[in-house]
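# Chains, contacts and geometry: an overview
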Amino acid sequence: TNEVSSLLKLPEELLLKCLEPLDMRGLLCVSLSCRHLRAHAMRRVLPLRVMTWNIRFKGGERKLGGWDWEDRLPVLVGVVERENPDILLLQEDTAELVAELRSLQKYHSFPRGTNEMKTEIIGETMFFHHRVNHELCGILWRKNLFEYLDGGQFEWKGSRNEWVNVFTWVLLKGNTQLLVFNTHLESGLGQLEKQQNSKMLRHAIGKILKHFEGVPFILGGDFNTDKSGFDYKILTGRELHTFRLGGDKESDLVDVFTALDEDRPDKRFEPVFNNVRTGGHNGTTYNSWREPEQAIVVSNHKNSKAEGHERHIDHIYIGHACRDIIRAVDAKVVINSSSEDIRKQGSSPCFCGALKKCKRAWSAKAKEL
């Protein structure tokens, strides 16, 4: 158009001045409208890849049909290197396991050990000496992208006396400051206990935002609940304010798939189930390091109305108050995470990979017969 042609004739410094008032959505619209303006608009956009992964505690997995830590370690490292996240959130990561992840040299992490944590207990403080989960709930970030400014951890007692819910936070500085939250909540709870955990999460977020007002934030982790219950609505704030239950809107969260529906509403080329985005996986994201198909079977047997991404129990959220700054471009579940998937071209397959190939061949032959 004539307007775009006029803009392109401006000196570069003046053109960048014209783009300054635009929020993230405006910059993305500009980048899509004209390929010549895209380079200028994207100079003000920082692409950010965030990944959350419960790597599972060490010991006893093979008895449940899963993989031992020695089997998981090379796969975990290989998948992280392939997916190349800028920020990685881990759950069930003890100090011992993290020490064995040293091959991920391009990341800094917090906390690196139990002595580094500044832990604040919120709620009831009894029974903490009985805890069974001594995880770090660590946050890793690319060394070349961010500088660590501050960090800490909150804990609160679960409904079972031996479990402690964990919430880790860091303040990072890149092109701008960013708060990153990571959590792991208790599993196997009823709806009332899940709602209490959602309230505690909002409480922890609110305490941090009072110290870092106006800083954009993201939250991820293993929530051990799908998105069909009232606990999810408390997190996102929808029902919280509708029924006047209180709560600060600044602590409201937007699920990354909800953000994707707003930022990229066209689903024609997206994997969906009943018109609900799946991220490539229509099942729970808990699978004990077994096949993705097993997770779908688990979801189908649950008494839940969740469909698509609503079935996932590992979530990533964007702060509602910073949606003008953070926009969603893509969201997916990584399901190609076996030793065969990370095998380098030309190298021989491991036993699991060879067995998979045999099963496929046998299946194809059976269909022919």
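Described in the following lines is the structure provided in the data block.

When you go through the chain residue by residue, the secondary structure sums to 12 helices and 13 strands. Per-residue burial for the chain yields a buried fraction of 47% across its 369 residues. Of all intrachain contacts in the chain linking residues separated by at least 6 positions in sequence, the fraction that spans at least 24 positions is 72%.

This part covers the sheet that holds strand β2 (residues 87-91). The sheet built from 4 strands is open, its strands ordered β1-β2-β5-β3 with mixed pairing. Of all strands in the sheet, those bounded by a partner on one side alone are β1 (50-54) and β3 (107-110). Across this sheet, the average inter-strand angle for adjacent strands is 20°, counted without regard to direction. Of the pairings in the sheet, the one linking β1 to β2 comprises 5 bridges and is parallel in character. Looking at the pairing, T52 lines up with L89 of β2.

Time to look at the sheet that holds strand β4 (residues 119-121). Here 7 strands make up an open sheet; going across it, the order is β4-β6-β7-β8-β9-β13-β10 and the pairing mixed. The open sheet has two edge strands, β4 and β10 (253-255), and neither has a second partner. Strand after strand, the sheet turns through a mean of 25° between neighbouring axes, direction not considered. In the sheet, strand β9 (residues 217-222) pairs with strand β13 (residues 314-319) via 5 bridges, with the strands oriented antiparallel. Of the residues in β13, the one forming a bridge with D222 is D314. Here helix α10 (residues 256-263) sits on the sheet and contacts β10 and β13; the angle it forms with β10, its principal contact strand, is near 75°.

Our focus in this paragraph is unusual backbone geometry. Between F110 and P111 the backbone carries a cis peptide bond, its omega angle lying at -10°. With respect to the helices, strands and loops of the structure, P111 is situated in the loop between β3 and β4. With phi around 55°, N84 is a residue other than glycine that occupies positive phi space. Position of N84 relative to the elements: it lies in the loop between α5 (69-83) and β2.

A few words now on α5. Given a rise of 1.5 Å per residue, 15 residues ought to cover 21 Å, and the 20 Å separating the end C-alpha atoms of α5 matches this to within 8%. If you check which residues of α5 are buried, you get W69, R72, L73, V75, L76, V77, G78, V79, V80 and E83. Taken together, the buried residues of α5 touch β1, β2, α6 (95-99) and β3.

All told, the structure shown has 16 salt bridges when counted by the stated rule. Among the ionic pairs, E83 bridges to K332, the shortest N-O distance being 3.2 Å. Pair noted here: E83 is in helix α5 and K332 is in the loop between β13 and α12 (351-368), with a separation of 249 residues, a long-range link. Accessibility expressed as a relative area gives 9% for E83, which makes it buried. Ionic pairing is found between D261 and R277, a salt bridge with its closest N-O pair at 2.4 Å. Placement of the pair is D261 in helix α10 and R277 in strand β12 (residues 276-277), with a sequence separation of 16 residues. R277 sits in the buried class, given a relative accessible area of 3%. Here the salt bridges do not stand alone but share partners, grouping E262, D263, R323, D324 and R327 into one network.

Reading the values: rules and limits
Residues numbered from 1 in each chain as written. Predicted model: local features only at pLDDT ≥ 70, side-chain atom pairs only at ≥ 80, totals over all residues. Heavy atoms only, no water. Helix = DSSP H or I, 4+ residues; strand = E, 2+ residues; numbered from the N terminus. Buried < 20%, exposed > 50% of the residue type's maximum accessible area, 1.4 Å probe, protein only. Contact = heavy atoms within 4.5 Å. Pairing = 2+ DSSP bridges. Axes fitted to C-alpha atoms, helices over the stretch in contact; angles between N-to-C directions. Expected span 1.5 Å × (residues − 1). Salt bridge = Lys/Arg side-chain N within 4 Å of Asp/Glu carboxyl O.

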